[in-house]
Amino acid sequence: MRVVVIGAAGHIGTYLIPMLVDNGYDTIAITRKLSSPYEDAPAWHKVNRVLLDRENDPEFISKIKEMKPDVIVDLVNFNIKNTKEIVENFNEAGLSQYIYCSSCWVHGMAETVPFNPDDLRKEPLDDYGKDKFASEIYLKEQYRKNGFPATIIMPGQISGPGWTIINPWGNTSLRVFQDIADGKEIALPNFGQEILHHVHGYDVAQVFFNAITHRNQALGESFDAEAATHITLYGFAKHMYEYFGHEPKITFLPWEQWCEYEGNAAECEHTYYHIVRSGVFSIEKAKRLLEYQPKYTCIETIDIAVKSYIDRGLITMPNNQASC
């Protein structure tokens, strides 16, 4: 079976490509440039890598068709135009499955929890989420009306070694990690009860891989790709103090005062869009239909990412002693 992975060297593809190659799939890894995956693996030295730029190559779709894929895993599709191009060109091309990477951001603000992955009344808060949701609606319609073999997967906040994770402030500033490592007091917005949902890139890749191996159960379905548990801002911050061997020093500030304390308007906006969603996701459907079993807990994933920060010198450890 031939699997074409579009956007193969990113957070998900880093782990998905080895899963496919090591399990005997004829795999083509498509990227815009010859970028390295976040973690190396022997499979990356054997996989067929192809350089294609979806945005700037007018023959992108025709070149994909020439590859005669059985399965397309689309990890870098950000607008409805690209989704329609795929459906229009592969609807009668013998494609066995099209797996679309959506996002947890399509869910918008929570009304009841956990979120329902099959909810068709989602209200995304930004253009990114709205574009992803438009593709979800279109693919569901095409599956229902024309049998287009679509599967939708919505990753959470993908984390792990080698990239920047969402921090206890709900943004990507390294300052809060360094302050905690130094034993300083930090302030959290509101009461620190908003929820984050770190999931290791390996586990997200698992959901994509299992969607292929459980094709009949996956067709026409939507799945959240998450860890089994989530974490509050407060729980995250408290864990980080413990990780770095300090007693927690955590205070709380109302939103506007906290933004003044944080001091970076762009990071405050980043925080807003992460914590205003503050939802809980269920992996029960993925477990039931795809036999998904996360390898990493939310906290294990955080620890792996923070250790990567330390190893790369992005967080300076007092006395050069890293915590366990």
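Up top you'll find the structure we're talking about.
As a starting point, this report considers the structure included with it. The residue count restarts for each chain, going from 1 along the sequence in the order it is written. Predicted model: local features are reported for residues with pLDDT of at least 70 only, side-chain atom pairs are reported and counted for 80 or more only, and whole-chain, interface and lining totals are derived from all residues. Hydrogens are left out, water is left out, and the side-chain values use all remaining heavy atoms of the structure.

1. Thoughts on the packing of helix α9 (residues 255-262) against helix α10 (residues 265-275)
Move 1: Axes here mean lines fitted to C-alpha atoms, for a helix over just the part in contact, with angles spanning 0 to 180 degrees between N-to-C directions. Numbering goes from the N terminus for both helices and strands, where a helix is a DSSP run of H or I of at least four residues and a strand is a run of E of at least two. In contact at an axis separation of 9 Å, α9 and α10 are set at 135 degrees when each is read in the N-to-C sense. Here α9 is positioned oblique relative to α10, judged by the angle of their axes. The interaxial crossing formed by α9 with α10 has right-handed handedness. Along its contact with α9, which presents Trp255, Trp258, Cys259 and Glu262, the element α10 presents Glu267, Cys268, Thr271, Tyr272 and Ile275.
Move 2: Tallied by class, the residues present in the contact of α9 with α10 amount to 6 nonpolar, 1 polar and 2 charged. The labels follow the angle: roughly parallel below 35 degrees, roughly antiparallel above 145, roughly perpendicular from 65 to 115, and oblique for the rest. Should the near helix be turned anticlockwise from the far one by less than a right angle, the crossing is left-handed, and should it be turned clockwise, the crossing is right-handed. Two residues form a contact once any of their heavy atoms are found within 4.5 Å. Throughout, the ten residues Ala, Val, Leu, Ile, Met, Phe, Trp, Tyr, Cys and Pro are labelled nonpolar, Asp, Glu, Lys and Arg are labelled charged, and all others, Gly among them, are labelled polar.

2. Considering helix α4 (residues 127-146)
It helps to recall that an α-helix has 3.6 residues per turn; residues three or four apart then point in one direction.
Move 1: Given a rise of 1.5 Å per residue, 20 residues ought to cover 28 Å, and the 28 Å separating the end C-alpha atoms of α4 matches this to within 8%.
Move 2: Each residue is placed in one exposure class: buried if its accessible area under a 1.4 Å probe, protein chains only, is under 20% of its type's maximum, exposed if it is over 50%, and partly exposed if it falls in between. Residues of α4 that are buried: Gly129, Lys132, Phe133, Ser135, Glu136, Tyr138, Leu139, Lys140 and Gln142.
Move 3: Against the buried residues of α4 lie α3 (80-90), β5 (97-101), β6 (150-155) and β11 (222-225).
Move 4: Gly147, located one to two residues past α4, shows a positive phi value of around 75 degrees. Here the expected length of a helix is defined as 1.5 Å per residue gap, with one fewer gap than residues.

3. Examining the nonpolar core
Looking at soluble globular proteins, one finds that nonpolar side chains tend to be buried together.
Move 1: Val73, Phe208 and Phe244 are the most contacted members of the largest nonpolar core, which totals 74 residues.
Move 2: At 7 residues, the largest contribution of residues to this core is made by helix α6 (residues 201-213).
Move 3: For Phe208, the contacting residues outside a window of four places in its chain are Ile12, Leu16, Val73, Leu75, Ile99, Cys101, Ile153 and Pro155. The set of buried Ala, Val, Leu, Ile, Met, Phe, Trp, Tyr and Cys residues whose side-chain atoms join them within 4.5 Å is what this entry labels a nonpolar core.

4. Comments concerning the layout of surface pockets
Move 1: Counted as a void, the largest pocket has a volume near 920 Å³.
Move 2: A cavity here means a set of 1 Å grid points, computed over protein atoms only, where a 1.4 Å probe fits but cannot escape. A pocket is an open set with protein on both sides within 12 Å along at least 5 of 7 lines, and lining residues have an atom within 4 Å of a point. His11, Leu75, Val76, Phe78 and Tyr128 are, among the 37 residues lining the largest pocket, the residues nearest its centre.
Move 3: Breaking the lining of the largest pocket down by element, the ones donating at least two residues are β2 (26-31), α4, β7 (157-159) and α10.
Move 4: Sort the elements by how many residues they give to the lining of the largest pocket and β7 lands first, with 3 residues.
Move 5: Grid points are joined across faces, edges and corners, and a volume is the space filled by probe spheres set on the points. Within this model, the second largest pocket holds a volume of roughly 300 Å³.
Move 6: Forming the boundary of the second largest pocket are 13 residues, of which His107, Met109, Glu111, Asp119 and Arg121 lie nearest the centre.
Move 7: Residues that form the lining of the second largest pocket fall into these classes: 5 nonpolar, 3 polar and 5 charged.

5. Examining empty space enclosed by the protein
Move 1: The tally for this structure, following the rule as stated, stands at 1 cavity of 30 Å³ or more.
Move 2: When its volume is computed, the largest cavity comes out at roughly 50 Å³.
Move 3: Surrounding the largest cavity, Cys104, Trp105, His107, Gly108, Phe115, Gln157, His197, His274, Arg277, Ser278, Gly279 and Phe281 form its lining.

6. Overview of the packing of aromatic side chains
Move 1: Here a Phe, Tyr or Trp ring, Trp counted by its six-membered ring, pairs with any other such ring whose centre lies within 6.5 Å, and the pair is stacked when the planes are under 30 degrees apart, edge-to-face when over 60, and tilted otherwise. Per the counting criterion, the structure on display carries 17 aromatic pairs.
Move 2: On the numbers, 6.3 Å between centres and 85 degrees between planes, the contact of Tyr202 with Tyr296 is edge-to-face. With a gap of 94 residues between them, Tyr202 in helix α6 and Tyr296 in the loop between α11 (284-290) and α12 (298-311) connect regions that are remote in the sequence.
Move 3: The exposure class assigned to Tyr202 is partly exposed, which follows from its relative accessible area of 27%.
Move 4: Overall, Tyr296 belongs to the buried group, its relative accessible area being 18%.

7. Considerations on a nonpolar patch on the surface
Move 1: Two distance rules govern patches: like charges are joined within 9 Å, and nonpolar side chains (Val, Leu, Ile, Met, Phe, Trp, Tyr) within 5 Å, applied only to residues with over 30% relative accessible area and no salt bridge. For every accessible area listed, the method is Shrake-Rupley and the probe measures 1.4 Å; residues are considered covered only by the protein chains on display. Salt bridge, as used here: a side-chain nitrogen of Lys or Arg that lies within 4 Å of a carboxyl oxygen of Asp or Glu. Together, Phe191, Tyr234 and Phe252 make up a nonpolar patch on the protein surface, roughly 330 Å² of accessible area in all.
Move 2: In this structure, Phe252 sits in strand β13 (residues 250-253).

8. Quick look at the environment of Ile28
Move 1: Structurally, Ile28 is set in strand β2.
Move 2: Sequence spacing of Ile28 and Gly235 is 207 residues, and the spatial spacing of their C-alpha atoms is 41 Å.
Move 3: Ile28 has contacts with Arg2, Val3, Val4, Val5, Asn48, Val50 and Met67, leaving out every residue within four places of it along the chain.

9. A closer look at the pattern of salt bridges
Move 1: Applying the stated criterion to the full structure yields 15 salt bridges.
Move 2: Through salt bridges that share partners, Asp118, Lys140, Glu221 and Lys285 make up one connected network.

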